[in-house]
Amino acid sequence: MSVNPTTDSRMHFKHANDFAINKSLFIAAWKVWFKRFSAKHTSSSSLNWKIGKMPIGASDEALSDLIRQDKRFSLEVLARMMVPWTFRNECQIDDGFLRDYKVLFELSSMTDEHDQELMAANLSASALQIWDAMSFAEQDDYMAYAEARIQADIEVRSKDPVVLDDQGIELIGEDTYPPYIPNKDADDIEFVRALVAWIQDAPFQAYYLKQPAGDTVAGWDKRLLAFFWPKPRIGYSLHHATLNPLYYRANELAKTLDKGESWDQEWRDMAVKTANELFQISGTPQNDVTIENVKAVIQAAVNGDETSNAKMNSGWSYLASVCTDHLNGQVGRLPMATWNSRIASSVISRLDFLLCESGLEQLEERFSGVGTIPGWGGTRPRQYSLDWPNGYRSWKTQVSASRLVGQIAYILNNDELDNGSRRYPQMPLATGGTGDWTVRGVQGVLFGDGY
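Residues numbered from 1 in each chain as written. Predicted model: local features only at pLDDT ≥ 70, side-chain atom pairs only at ≥ 80, totals over all residues. Heavy atoms only, no water.

A. Molecular detail of the packing of helix α1 (residues 23-37) against helix α5 (residues 125-133). In contact at an axis separation of 10 Å, α1 and α5 are set at 100 degrees when each is read in the N-to-C sense. As judged from the angle between their axes, α1 and α5 are roughly perpendicular. Contacts from Lys23, Ser24, Ile27, Ala28 and Lys31 in α1 reach Ala127, Ile130 and Trp131 in α5. Looking at the contact of α1 with α5 residue by residue, the classes come out as 5 nonpolar, 1 polar and 2 charged. (Axes fitted to C-alpha atoms, helices over the stretch in contact; angles between N-to-C directions. Helix = DSSP H or I, 4+ residues; strand = E, 2+ residues; numbered from the N terminus. Parallel < 35°, antiparallel > 145°, perpendicular 65-115°, else oblique. Contact = heavy atoms within 4.5 Å. Nonpolar A, V, L, I, M, F, W, Y, C, P; charged D, E, K, R; others polar.)

Okay, here's the thing in C-alpha coordinates:
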(Lines give C-alpha, C1' and ligand atoms only; values in the text may rest on other atoms or scores of the structure.)
Protein backbone atom coordinates (compact mmCIF):
# COMPACT_ATOMS: atom_id res chain seq x y z
CA MET A 1 0.00 0.00 0.00
CA SER A 2 1.43 3.35 -1.04
CA VAL A 3 1.76 6.17 1.46
CA ASN A 4 1.59 9.92 1.04
CA PRO A 5 4.94 11.37 2.21
CA THR A 6 3.26 14.69 2.94
CA THR A 7 0.54 13.40 5.26
CA ASP A 8 2.17 10.25 6.67
CA SER A 9 3.70 10.83 10.11
CA ARG A 10 6.55 8.49 9.25
CA MET A 11 9.54 8.82 6.95
CA HIS A 12 10.30 5.83 4.71
CA PHE A 13 13.74 4.89 3.41
CA LYS A 14 13.29 3.12 0.08
CA HIS A 15 16.93 2.01 -0.01
CA ALA A 16 16.56 0.38 3.42
CA ASN A 17 13.76 -2.01 2.51
CA ASP A 18 11.23 0.76 3.22
CA PHE A 19 12.33 1.03 6.87
CA ALA A 20 10.34 3.79 8.53
CA ILE A 21 10.87 6.19 11.43
CA ASN A 22 8.74 8.94 12.85
CA LYS A 23 9.38 12.29 11.21
CA SER A 24 9.78 13.72 14.70
CA LEU A 25 12.82 11.50 15.24
CA PHE A 26 14.41 12.75 12.03
CA ILE A 27 13.86 16.38 13.02
CA ALA A 28 15.32 15.66 16.48
CA ALA A 29 18.33 14.01 14.80
CA TRP A 30 18.77 17.13 12.66
CA LYS A 31 18.99 19.19 15.83
CA VAL A 32 21.42 16.74 17.42
CA TRP A 33 23.62 16.68 14.29
CA PHE A 34 23.94 20.47 14.48
CA LYS A 35 24.90 20.28 18.15
CA ARG A 36 27.43 17.52 17.64
CA PHE A 37 28.97 18.03 14.21
CA SER A 38 28.28 21.45 12.70
CA ALA A 39 31.03 23.53 14.30
CA LYS A 40 33.85 22.43 11.95
CA HIS A 41 31.78 22.75 8.80
CA THR A 42 29.66 25.85 9.08
CA SER A 43 29.48 29.15 10.89
CA SER A 44 26.09 28.04 12.20
CA SER A 45 26.03 27.20 15.88
CA SER A 46 23.87 24.60 17.55
CA LEU A 47 21.44 27.37 18.49
CA ASN A 48 20.39 28.09 14.91
CA TRP A 49 19.57 24.53 13.85
CA LYS A 50 16.13 25.80 12.89
CA ILE A 51 17.52 27.95 10.09
CA GLY A 52 21.01 26.49 9.54
CA LYS A 53 21.98 24.56 6.42
CA MET A 54 23.31 21.02 6.27
CA PRO A 55 25.14 19.55 3.24
CA ILE A 56 23.16 16.89 1.40
CA GLY A 57 26.26 14.76 0.85
CA ALA A 58 24.52 12.04 -1.19
CA SER A 59 27.06 9.28 -1.81
CA ASP A 60 27.48 5.63 -2.75
CA GLU A 61 30.62 5.32 -0.63
CA ALA A 62 30.81 3.11 2.45
CA LEU A 63 29.93 4.73 5.75
CA SER A 64 33.50 4.26 6.98
CA ASP A 65 34.80 6.20 3.98
CA LEU A 66 32.40 9.07 4.64
CA ILE A 67 33.53 9.19 8.27
CA ARG A 68 37.22 9.15 7.30
CA GLN A 69 36.50 12.07 4.97
CA ASP A 70 34.95 13.90 7.95
CA LYS A 71 31.49 14.02 6.39
CA ARG A 72 29.56 13.31 9.58
CA PHE A 73 27.72 16.60 9.17
CA SER A 74 25.59 15.64 6.18
CA LEU A 75 22.04 14.57 5.48
CA GLU A 76 23.43 11.34 4.02
CA VAL A 77 25.24 10.26 7.19
CA LEU A 78 22.30 11.35 9.33
CA ALA A 79 19.95 9.20 7.23
CA ARG A 80 22.27 6.19 7.38
CA MET A 81 22.30 6.34 11.17
CA MET A 82 18.50 6.20 11.21
CA VAL A 83 18.29 2.85 9.38
CA PRO A 84 19.35 -0.65 10.50
CA TRP A 85 23.02 -1.64 10.13
CA THR A 86 22.25 -3.83 7.11
CA PHE A 87 21.71 -0.72 4.99
CA ARG A 88 24.28 1.68 6.42
CA ASN A 89 26.75 1.25 3.58
CA GLU A 90 24.12 2.09 0.97
CA CYS A 91 23.16 5.55 -0.27
CA GLN A 92 19.96 6.71 1.43
CA ILE A 93 19.56 10.23 0.02
CA ASP A 94 18.63 10.58 -3.65
CA ASP A 95 16.39 12.78 -5.77
CA GLY A 96 13.39 10.60 -4.95
CA PHE A 97 13.93 11.01 -1.20
CA LEU A 98 14.33 14.77 -1.48
CA ARG A 99 11.25 14.97 -3.68
CA ASP A 100 9.13 12.80 -1.39
CA TYR A 101 10.06 14.83 1.69
CA LYS A 102 10.20 18.30 0.21
CA VAL A 103 7.61 19.18 2.85
CA LEU A 104 10.43 18.90 5.42
CA PHE A 105 13.32 20.51 3.55
CA GLU A 106 14.15 23.60 1.58
CA LEU A 107 16.96 22.93 -0.89
CA SER A 108 19.71 25.50 -1.33
CA SER A 109 23.50 25.63 -1.31
CA MET A 110 26.24 26.51 1.13
CA THR A 111 29.97 27.12 1.17
CA ASP A 112 32.06 24.72 3.25
CA GLU A 113 35.28 25.41 5.16
CA HIS A 114 37.26 24.89 1.94
CA ASP A 115 35.19 27.53 0.08
CA GLN A 116 33.52 24.82 -1.99
CA GLU A 117 29.86 25.23 -2.85
CA LEU A 118 27.74 22.28 -1.77
CA MET A 119 24.14 21.31 -2.29
CA ALA A 120 22.44 21.78 1.06
CA ALA A 121 19.12 21.83 2.83
CA ASN A 122 17.49 23.51 5.77
CA LEU A 123 14.33 22.63 7.64
CA SER A 124 11.05 23.92 6.25
CA ALA A 125 8.37 25.80 8.14
CA SER A 126 6.29 22.60 8.08
CA ALA A 127 9.09 20.65 9.78
CA LEU A 128 9.40 23.29 12.49
CA GLN A 129 5.64 23.18 13.01
CA ILE A 130 5.87 19.43 13.60
CA TRP A 131 8.59 20.02 16.19
CA ASP A 132 6.87 22.92 17.92
CA ALA A 133 3.58 21.01 18.13
CA MET A 134 5.20 18.35 20.32
CA SER A 135 5.27 18.62 24.10
CA PHE A 136 8.62 19.26 25.76
CA ALA A 137 8.57 15.67 27.07
CA GLU A 138 8.11 14.31 23.54
CA GLN A 139 10.92 16.50 22.26
CA ASP A 140 13.21 15.23 25.02
CA ASP A 141 12.38 11.62 24.18
CA TYR A 142 13.16 12.04 20.50
CA MET A 143 16.37 13.95 21.28
CA ALA A 144 17.46 11.04 23.48
CA TYR A 145 16.65 8.54 20.73
CA ALA A 146 18.72 10.58 18.27
CA GLU A 147 21.64 10.88 20.71
CA ALA A 148 21.53 7.11 21.18
CA ARG A 149 22.09 6.59 17.46
CA ILE A 150 25.44 8.39 17.84
CA GLN A 151 26.53 6.74 21.09
CA ALA A 152 25.49 3.16 20.27
CA ASP A 153 27.49 0.45 18.56
CA ILE A 154 27.75 1.23 14.86
CA GLU A 155 27.31 -1.94 12.86
CA VAL A 156 27.92 -2.20 9.12
CA ARG A 157 28.56 -5.10 6.79
CA SER A 158 32.23 -4.24 6.33
CA LYS A 159 34.88 -4.44 9.05
CA ASP A 160 36.14 -0.93 8.34
CA PRO A 161 36.39 1.29 11.42
CA VAL A 162 33.38 3.55 11.81
CA VAL A 163 33.85 6.30 14.38
CA LEU A 164 30.89 8.62 14.70
CA ASP A 165 31.30 9.57 18.35
CA ASP A 166 35.08 9.94 18.52
CA GLN A 167 35.68 11.29 22.02
CA GLY A 168 38.81 9.37 22.92
CA ILE A 169 40.06 8.81 26.47
CA GLU A 170 43.12 7.12 27.90
CA LEU A 171 43.74 3.57 26.77
CA ILE A 172 43.44 0.69 29.20
CA GLY A 173 46.58 0.04 31.22
CA GLU A 174 47.76 3.62 30.96
CA ASP A 175 45.67 4.96 33.84
CA THR A 176 46.37 2.58 36.74
CA TYR A 177 48.14 -0.72 37.21
CA PRO A 178 46.13 -3.65 38.62
CA PRO A 179 46.33 -4.08 42.41
CA TYR A 180 47.62 -7.61 41.85
CA ILE A 181 48.37 -10.10 39.07
CA PRO A 182 47.37 -13.76 39.51
CA ASN A 183 49.86 -16.53 38.84
CA LYS A 184 49.70 -17.58 35.19
CA ASP A 185 48.56 -21.06 36.24
CA ALA A 186 45.67 -19.74 38.31
CA ASP A 187 42.11 -20.66 37.37
CA ASP A 188 40.11 -18.29 35.18
CA ILE A 189 38.03 -17.20 38.16
CA GLU A 190 41.14 -15.74 39.82
CA PHE A 191 41.67 -13.48 36.82
CA VAL A 192 38.03 -12.41 37.09
CA ARG A 193 38.67 -11.56 40.75
CA ALA A 194 41.70 -9.51 39.73
CA LEU A 195 39.56 -7.70 37.14
CA VAL A 196 36.94 -6.87 39.79
CA ALA A 197 39.64 -5.55 42.13
CA TRP A 198 41.18 -3.48 39.34
CA ILE A 199 37.92 -1.79 38.43
CA GLN A 200 37.29 -1.11 42.13
CA ASP A 201 40.71 0.53 42.43
CA ALA A 202 41.00 2.43 39.12
CA PRO A 203 39.65 5.99 38.78
CA PHE A 204 36.85 6.55 36.28
CA GLN A 205 35.94 9.70 34.38
CA ALA A 206 32.86 9.74 32.16
CA TYR A 207 32.99 11.89 29.02
CA TYR A 208 30.39 13.59 26.88
CA LEU A 209 31.07 15.87 23.91
CA LYS A 210 34.79 15.53 24.62
CA GLN A 211 34.31 17.07 28.05
CA PRO A 212 34.33 15.37 31.46
CA ALA A 213 30.80 14.55 32.61
CA GLY A 214 30.77 14.75 36.38
CA ASP A 215 33.63 14.16 38.79
CA THR A 216 36.27 11.46 38.63
CA VAL A 217 35.12 8.58 40.84
CA ALA A 218 36.40 5.23 42.08
CA GLY A 219 34.67 2.07 43.23
CA TRP A 220 32.01 -0.11 41.68
CA ASP A 221 29.20 1.73 43.46
CA LYS A 222 30.38 5.21 42.47
CA ARG A 223 30.98 4.10 38.88
CA LEU A 224 27.41 2.82 38.63
CA LEU A 225 26.02 6.08 40.00
CA ALA A 226 28.00 7.88 37.26
CA PHE A 227 26.17 5.92 34.54
CA PHE A 228 24.17 7.87 31.95
CA TRP A 229 22.56 7.11 28.60
CA PRO A 230 22.65 8.62 26.11
CA LYS A 231 23.49 11.98 27.71
CA PRO A 232 24.42 13.08 31.25
CA ARG A 233 20.98 14.50 32.02
CA ILE A 234 19.57 10.97 31.76
CA GLY A 235 21.50 9.52 34.66
CA TYR A 236 21.29 6.25 36.54
CA SER A 237 17.96 6.78 38.32
CA LEU A 238 16.13 8.45 35.43
CA HIS A 239 17.37 5.83 32.96
CA HIS A 240 16.01 3.07 35.18
CA ALA A 241 12.69 4.84 35.66
CA THR A 242 12.34 5.21 31.90
CA LEU A 243 13.16 1.59 31.17
CA ASN A 244 11.38 -0.17 34.02
CA PRO A 245 8.03 -0.51 32.17
CA LEU A 246 9.87 -2.14 29.24
CA TYR A 247 11.75 -4.43 31.62
CA TYR A 248 8.45 -5.46 33.19
CA ARG A 249 6.81 -6.30 29.87
CA ALA A 250 9.87 -8.11 28.51
CA ASN A 251 10.18 -10.23 31.64
CA GLU A 252 6.49 -11.15 31.68
CA LEU A 253 6.83 -12.24 28.04
CA ALA A 254 9.87 -14.35 28.93
CA LYS A 255 8.20 -15.92 31.99
CA THR A 256 5.30 -17.06 29.81
CA LEU A 257 7.60 -18.83 27.37
CA ASP A 258 9.66 -20.23 30.24
CA LYS A 259 6.52 -21.95 31.56
CA GLY A 260 5.86 -23.48 28.17
CA GLU A 261 2.85 -21.28 27.52
CA SER A 262 1.99 -19.34 24.36
CA TRP A 263 1.40 -15.66 23.71
CA ASP A 264 -2.06 -14.58 22.59
CA GLN A 265 -2.39 -11.93 19.89
CA GLU A 266 -2.28 -9.07 22.38
CA TRP A 267 0.97 -10.38 23.84
CA ARG A 268 2.41 -11.04 20.38
CA ASP A 269 1.80 -7.41 19.50
CA MET A 270 3.30 -6.35 22.82
CA ALA A 271 6.42 -8.43 22.15
CA VAL A 272 7.19 -6.71 18.85
CA LYS A 273 6.41 -3.27 20.26
CA THR A 274 8.58 -3.87 23.33
CA ALA A 275 11.51 -5.02 21.20
CA ASN A 276 11.23 -2.01 18.89
CA GLU A 277 11.12 0.39 21.85
CA LEU A 278 14.23 -1.21 23.37
CA PHE A 279 16.06 -0.88 20.05
CA GLN A 280 14.97 2.76 19.87
CA ILE A 281 16.25 3.59 23.34
CA SER A 282 19.53 1.74 22.82
CA GLY A 283 20.11 3.38 19.44
CA THR A 284 20.32 0.04 17.63
CA PRO A 285 17.48 -0.06 15.05
CA GLN A 286 16.92 -3.53 13.67
CA ASN A 287 15.59 -5.03 10.50
CA ASP A 288 13.16 -7.98 10.58
CA VAL A 289 11.65 -7.26 13.99
CA THR A 290 9.00 -9.94 13.50
CA ILE A 291 7.11 -11.91 16.12
CA GLU A 292 9.02 -15.02 15.05
CA ASN A 293 12.43 -13.37 15.53
CA VAL A 294 11.52 -11.73 18.83
CA LYS A 295 10.13 -15.00 20.21
CA ALA A 296 13.20 -16.95 19.09
CA VAL A 297 15.56 -14.52 20.84
CA ILE A 298 13.57 -14.49 24.09
CA GLN A 299 13.27 -18.30 24.06
CA ALA A 300 17.01 -18.70 23.47
CA ALA A 301 17.74 -16.19 26.23
CA VAL A 302 15.65 -17.89 28.93
CA ASN A 303 17.08 -21.27 27.93
CA GLY A 304 20.67 -20.04 27.77
CA ASP A 305 20.89 -21.78 24.42
CA GLU A 306 24.37 -21.28 23.02
CA THR A 307 23.51 -23.28 19.87
CA SER A 308 20.55 -21.09 18.95
CA ASN A 309 20.11 -19.73 15.44
CA ALA A 310 18.06 -16.79 16.71
CA LYS A 311 19.04 -13.23 15.79
CA MET A 312 22.10 -11.89 17.58
CA ASN A 313 23.96 -8.59 17.52
CA SER A 314 24.32 -5.73 20.00
CA GLY A 315 20.63 -4.85 19.76
CA TRP A 316 19.28 -8.39 20.11
CA SER A 317 21.78 -9.03 22.92
CA TYR A 318 20.19 -6.11 24.75
CA LEU A 319 16.73 -7.66 24.36
CA ALA A 320 18.10 -10.97 25.66
CA SER A 321 19.51 -9.20 28.70
CA VAL A 322 16.39 -7.20 29.48
CA CYS A 323 13.99 -10.14 29.21
CA THR A 324 16.02 -12.33 31.59
CA ASP A 325 16.52 -9.77 34.34
CA HIS A 326 14.06 -11.71 36.52
CA LEU A 327 16.49 -14.66 36.59
CA ASN A 328 18.92 -12.79 38.86
CA GLY A 329 19.24 -14.70 42.11
CA GLN A 330 17.54 -17.86 40.81
CA VAL A 331 19.73 -20.90 41.45
CA GLY A 332 20.74 -22.68 38.28
CA ARG A 333 19.44 -19.95 35.96
CA LEU A 334 21.49 -17.59 33.83
CA PRO A 335 20.44 -13.96 33.35
CA MET A 336 21.84 -12.72 30.06
CA ALA A 337 24.28 -9.81 29.92
CA THR A 338 24.30 -7.27 27.13
CA TRP A 339 27.46 -8.13 25.21
CA ASN A 340 28.12 -5.12 23.01
CA SER A 341 31.41 -3.55 21.98
CA ARG A 342 31.66 -1.35 25.08
CA ILE A 343 31.10 -4.13 27.62
CA ALA A 344 33.21 -6.61 25.66
CA SER A 345 36.03 -4.04 25.40
CA SER A 346 35.99 -3.44 29.14
CA VAL A 347 36.17 -7.10 30.08
CA ILE A 348 38.50 -8.38 27.38
CA SER A 349 40.98 -5.51 27.50
CA ARG A 350 41.43 -5.89 31.25
CA LEU A 351 41.61 -9.70 31.10
CA ASP A 352 44.06 -9.47 28.21
CA PHE A 353 46.33 -7.18 30.23
CA LEU A 354 46.12 -9.37 33.35
CA LEU A 355 46.82 -12.58 31.46
CA CYS A 356 49.81 -11.09 29.63
CA GLU A 357 51.26 -9.57 32.80
CA SER A 358 51.03 -13.00 34.43
CA GLY A 359 53.35 -14.31 31.72
CA LEU A 360 50.89 -15.99 29.35
CA GLU A 361 51.68 -15.69 25.66
CA GLN A 362 48.79 -17.74 24.24
CA LEU A 363 45.09 -17.58 25.14
CA GLU A 364 44.60 -21.32 24.45
CA GLU A 365 41.53 -22.54 26.40
CA ARG A 366 41.26 -19.53 28.68
CA PHE A 367 37.75 -18.03 28.88
CA SER A 368 36.38 -20.38 26.27
CA GLY A 369 33.56 -18.90 24.22
CA VAL A 370 34.18 -15.30 25.23
CA GLY A 371 34.72 -13.29 22.08
CA THR A 372 35.24 -9.74 20.92
CA ILE A 373 32.51 -7.52 19.48
CA PRO A 374 33.64 -5.08 16.77
CA GLY A 375 32.79 -1.54 17.69
CA TRP A 376 34.17 1.90 16.99
CA GLY A 377 33.96 5.00 19.15
CA GLY A 378 35.71 6.37 22.22
CA THR A 379 38.75 4.12 22.78
CA ARG A 380 37.36 1.30 20.66
CA PRO A 381 38.68 -0.74 18.97
CA ARG A 382 41.33 -1.58 21.57
CA GLN A 383 44.52 -3.45 20.89
CA TYR A 384 44.85 -6.90 22.44
CA SER A 385 48.03 -8.92 22.87
CA LEU A 386 46.30 -12.30 22.83
CA ASP A 387 44.28 -13.78 19.98
CA TRP A 388 40.70 -13.47 21.24
CA PRO A 389 38.04 -15.00 18.97
CA ASN A 390 35.43 -12.89 17.21
CA GLY A 391 32.18 -13.29 19.14
CA TYR A 392 30.00 -11.09 16.93
CA ARG A 393 26.52 -12.51 16.29
CA SER A 394 27.41 -15.65 18.28
CA TRP A 395 25.04 -17.15 20.84
CA LYS A 396 27.97 -19.17 22.19
CA THR A 397 29.73 -15.92 23.04
CA GLN A 398 26.48 -14.42 24.34
CA VAL A 399 26.01 -17.28 26.81
CA SER A 400 29.69 -17.57 27.78
CA ALA A 401 30.01 -13.82 28.33
CA SER A 402 26.83 -13.83 30.42
CA ARG A 403 28.33 -16.49 32.68
CA LEU A 404 31.44 -14.34 33.09
CA VAL A 405 29.39 -11.23 33.98
CA GLY A 406 27.41 -13.40 36.41
CA GLN A 407 30.69 -14.42 38.05
CA ILE A 408 31.54 -10.75 38.51
CA ALA A 409 28.20 -10.18 40.26
CA TYR A 410 28.82 -13.21 42.49
CA ILE A 411 32.28 -11.94 43.48
CA LEU A 412 30.94 -8.49 44.27
CA ASN A 413 28.23 -9.99 46.47
CA ASN A 414 30.19 -12.70 48.24
CA ASP A 415 33.92 -11.97 48.50
CA GLU A 416 34.97 -11.01 52.03
CA LEU A 417 37.89 -9.44 53.80
CA ASP A 418 39.84 -11.33 56.47
CA ASN A 419 37.56 -9.91 59.18
CA GLY A 420 34.44 -11.28 57.46
CA SER A 421 33.13 -7.95 56.18
CA ARG A 422 32.20 -7.34 52.55
CA ARG A 423 35.14 -6.74 50.26
CA TYR A 424 33.07 -4.63 47.86
CA PRO A 425 30.30 -2.07 48.35
CA GLN A 426 26.72 -3.10 47.72
CA MET A 427 24.99 -2.05 44.52
CA PRO A 428 23.25 1.33 44.68
CA LEU A 429 19.57 0.95 43.79
CA ALA A 430 18.04 3.40 41.35
CA THR A 431 15.19 4.05 43.78
CA GLY A 432 17.53 4.64 46.72
CA GLY A 433 19.31 2.38 49.18
CA THR A 434 21.52 -0.56 48.27
CA GLY A 435 21.16 -4.23 47.46
CA ASP A 436 22.89 -7.21 45.89
CA TRP A 437 24.68 -6.72 42.59
CA THR A 438 22.78 -7.91 39.54
CA VAL A 439 23.91 -8.50 35.97
CA ARG A 440 22.12 -5.27 35.05
CA GLY A 441 24.15 -3.34 37.61
CA VAL A 442 27.46 -4.96 36.65
CA GLN A 443 26.99 -4.27 32.97
CA GLY A 444 26.16 -0.64 33.78
CA VAL A 445 29.65 -0.26 35.24
CA LEU A 446 31.32 -2.20 32.42
CA PHE A 447 29.43 -0.12 29.84
CA GLY A 448 31.14 3.05 31.07
CA ASP A 449 34.49 1.35 31.58
CA GLY A 450 34.53 0.08 27.99
CA TYR A 451 33.93 3.40 26.31
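This is not the end of the story, as more comes after the structure.
B. The confidence of the model for the protein, seen in detail. Mean pLDDT over the protein stands at 90; residues scoring 70 or higher make up 92%. Low pLDDT, under 50, characterises residues 167-174; the stretch is placed with 20 contacts to residues that sit more than four places away or in other chains. (pLDDT = per-residue confidence, 0-100.)

C. Up close: the pairing of strand β4 (residues 105-111). In this sheet, strand β5 (residues 117-123) lies alongside β4 in antiparallel orientation, the contact comprising 7 bridges. What sits directly across from Phe105, in β5, is Leu123. Between β4 and β5, which pair antiparallel one after the other, the connecting turn spans 5 residues, and Asp115 there sits at a positive phi close to 65 degrees. (Pairing = 2+ DSSP bridges.)

D. Up close: the sheet that holds strand β3 (residues 54-55). Strand order in the open sheet made by the 3 strands is β3-β5-β4, with antiparallel pairing throughout. Both edges of this open sheet fall to β3 and β4, since each of them pairs with a single strand only.

E. Examining the pairing of strand β2 (residues 19-22) more closely. The two faces of β2 differ: Phe19 and Ile21 on one face are buried, but Ala20 and Asn22 on the other face are not. Where strand β1 (residues 10-13) meets β2, 4 bridges bridge the pair, whose relative direction is antiparallel. In the strand pairing of β2, Arg10 is matched with Asn22. Between the antiparallel neighbours β1 and β2 lie 5 residues, among them Asn17 with a positive phi of about 55 degrees. (Buried < 20%, exposed > 50% of the residue type's maximum accessible area, 1.4 Å probe, protein only.)

F. Main features of the environment of Asp449. Along the chain, the position of Asp449 falls in helix α15 (residues 439-449). Here Asp449 falls in the buried class, since its relative accessible area comes to 7%. Between the alpha carbons of Asp449 and Arg223 there is a distance of 8.6 Å; along the sequence they are 226 residues apart. Side chain to side chain, Asp449 and Arg350 meet in a polar contact 2.8 Å long. (Polar contact = N/O pair within 3.5 Å; in protein donor to acceptor, adjacent residues only side chain to side chain.)

G. Here's a closer look at the packing of aromatic side chains. Scanning all chains against the criterion turns up 20 aromatic pairs. Look at Trp220 and Trp437: their rings are 5.8 Å apart centre to centre, the planes differ by 80 degrees, and that puts the pair in the edge-to-face class. Placement of Trp220 in helix α8 (residues 220-225) and of Trp437 in the loop between β9 (434-435) and α15 is noted, with a sequence separation of 217 residues between them. Under the relative-accessibility criterion, Trp220 is labelled buried at 0%. Residue classification places Trp437 among the buried positions, given a relative accessible area of 3%. Between Phe227 and Phe447 the ring centres are 5.9 Å apart and the planes differ by 50 degrees, which places this aromatic pair in the tilted class. Linking Phe227 in the loop between α8 and α9 (236-258) with Phe447 in helix α15, this pair joins segments that are 220 residues apart in sequence. Here Phe227 falls in the buried class, since its relative accessible area comes to 14%. Pairwise contacts between aromatic rings join Phe13, Phe26, Trp30, Phe34, Phe73, Phe97, Tyr101 and Phe105 into one cluster. Between Arg342 and the ring centre of Phe447, over which it is positioned, the NZ or CZ distance is 3.7 Å. (Phe/Tyr/Trp six-rings, centres within 6.5 Å; stacked < 30°, edge-to-face > 60°. Lys NZ or Arg CZ within 6 Å of the ring centre and 35° of its normal.)

H. How the structure looks around the environment of Asp65. On the secondary structure map, Asp65 appears in helix α2 (residues 63-68). Residue class for Asp65 comes out partly exposed when judged on its relative accessible area of 25%. Separated by 24 residues in sequence, Asp65 and Asn89 have C-alpha atoms that sit 9.5 Å apart.

I. Highlighting the layout of surface pockets. The calculated volume of the largest pocket comes to roughly 610 Å³. Of all the secondary structure elements, the ones that give two or more residues to the lining of the largest pocket are α9, α12 (314-323), α13 (341-357), β8 (427-428) and α15. The element contributing the most residues to the lining of the largest pocket is α9, with 6 residues. The residue inventory of the lining of the largest pocket, partitioned by class, reads 14 nonpolar, 16 polar and 5 charged. Put simply, the second largest pocket is a space of about 500 Å³. In this structure, the second largest pocket is lined by 21 residues; those nearest its centre are Arg10, Phe19, Ala20, Ile21 and Asn276. Elements represented by at least two residues in the lining of the second largest pocket include exactly β2, α6 (136-151) and α10 (265-282). Among the residues forming the lining of the second largest pocket, the class breakdown is 9 nonpolar, 7 polar and 5 charged. (1 Å grid on protein atoms, 1.4 Å probe; cavity = no way out; pocket = protein on both sides within 12 Å on 5 of 7 lines; lining within 4 Å. Points joined across faces, edges and corners; volume = space filled by probe spheres on them.)

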